Amino acid sequence: MKKLILLCVVALSSVNSFAQLWDNSKPDKRVTFGVRAGANCSTWYLGYDDDGYFEAKAKWGLYGGVNVDFNIVKSFAIETGLFFSEKGCKGDNESWEWRYKEKQKYSYVQIPLFALYRLPLSEDFHMQVKAGGYIGLCCDHPERRRYYRDVDAGPVFGLGLSYRKIYLGAQYELGLMELDGYFESKNRNLTISVGYDF
């Protein structure tokens, strides 16, 4: 009997704790907009190992765009947007006769889709945890991308902190599309951004 009472107390405590972390009330605005700007640290995952023929290393690129949140309740939203994102890698390329530096840089117009959870830390501070996927279309000149796939897509996970309307966050993209037919390369990308929510 004592164990049953203890179990009920623990269950009620858990429900109460979850209620404090989840705000099911109506949001102030059903749709909100924001702007984001930052930098990518990207590289390629190489599925084909040719004895060190090409060693991919991280490179920096630009990132920016607008996001739209469809707020279901105060603690949960569906987020999407439209972004410009530079990805690629750099490294040493070794042929039969020489070795040289090489940089791969490709620009994408990208649309993400997230499930977004807002965790209230105080009246003004909120943590944002999000997970979803993205699809990107390469917008470089056709001559530059004729040997590479135009489309990139995969899952993406993010974590952010907002103070009133100011946002700071990071997200990681795990590209699943093979970009070429030789190295079996795939994008790996870490984004750090700041923003403002209207």
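About the cut-offs
Residues numbered from 1 in each chain as written. Predicted model: local features only at pLDDT ≥ 70, side-chain atom pairs only at ≥ 80, totals over all residues. Heavy atoms only, no water. Helix = DSSP H or I, 4+ residues; strand = E, 2+ residues; numbered from the N terminus. Buried < 20%, exposed > 50% of the residue type's maximum accessible area, 1.4 Å probe, protein only. Contact = heavy atoms within 4.5 Å. Salt bridge = Lys/Arg side-chain N within 4 Å of Asp/Glu carboxyl O.

J.: Looking at this structure, how should I read the overall build of the protein?
T.: The number of helices and strands found in the protein is one helix and nine strands. In sequence order, the secondary structure elements of the protein are arranged as α-β-β-β-β-β-β-β-β-β. A buried classification covers 35% of the 198 residues belonging to the protein.

J.: Would you take a moment to explain unusual backbone geometry for this structure?
T.: Negative phi values dominate among residues other than glycine, just as trans dominates among peptide bonds. One non-glycine residue, arginine 164, lies in the positive phi region at around 55 degrees. The class for arginine 164 is exposed, based on a relative accessible area of 58%.

J.: Before we go on, may I ask you to explain the environment of serine 162 in this structure?
T.: Looking at where serine 162 falls in the secondary structure, it is placed in strand β7 (residues 151-163). As for serine 162 and glutamine 128, which are separated by 34 residues in sequence, their C-alpha atoms are 7.6 Å apart. When neighbours within four sequence positions are excluded, serine 162 is seen to be in contact with Asp124, Phe125, His126, Gln128 and Tyr167.

J.: Any chance you could explain the pattern of salt bridges here in plain terms?
T.: All chains considered together, the criterion is met by seven salt bridges. Here arginine 36 makes a salt bridge to aspartate 197, at a shortest N to O gap of 3.0 Å. Residue arginine 36 is found in strand β1 (residues 31-46), and its partner aspartate 197 is found in strand β9 (residues 185-197); the two are separated by 161 residues along the sequence. Between aspartate 124 and arginine 164 there is a salt bridge, with its nearest N and O atoms 3.5 Å apart. Here aspartate 124 is found in the loop between β5 (99-120) and β6 (125-138), whereas its partner arginine 164 is found in the loop between β7 and β8 (166-174), with 40 residues between them in sequence. What makes aspartate 124 partly exposed here is its relative accessible area of 26%. Connected via shared salt-bridge partners are Lys87, Asp152 and Glu173.

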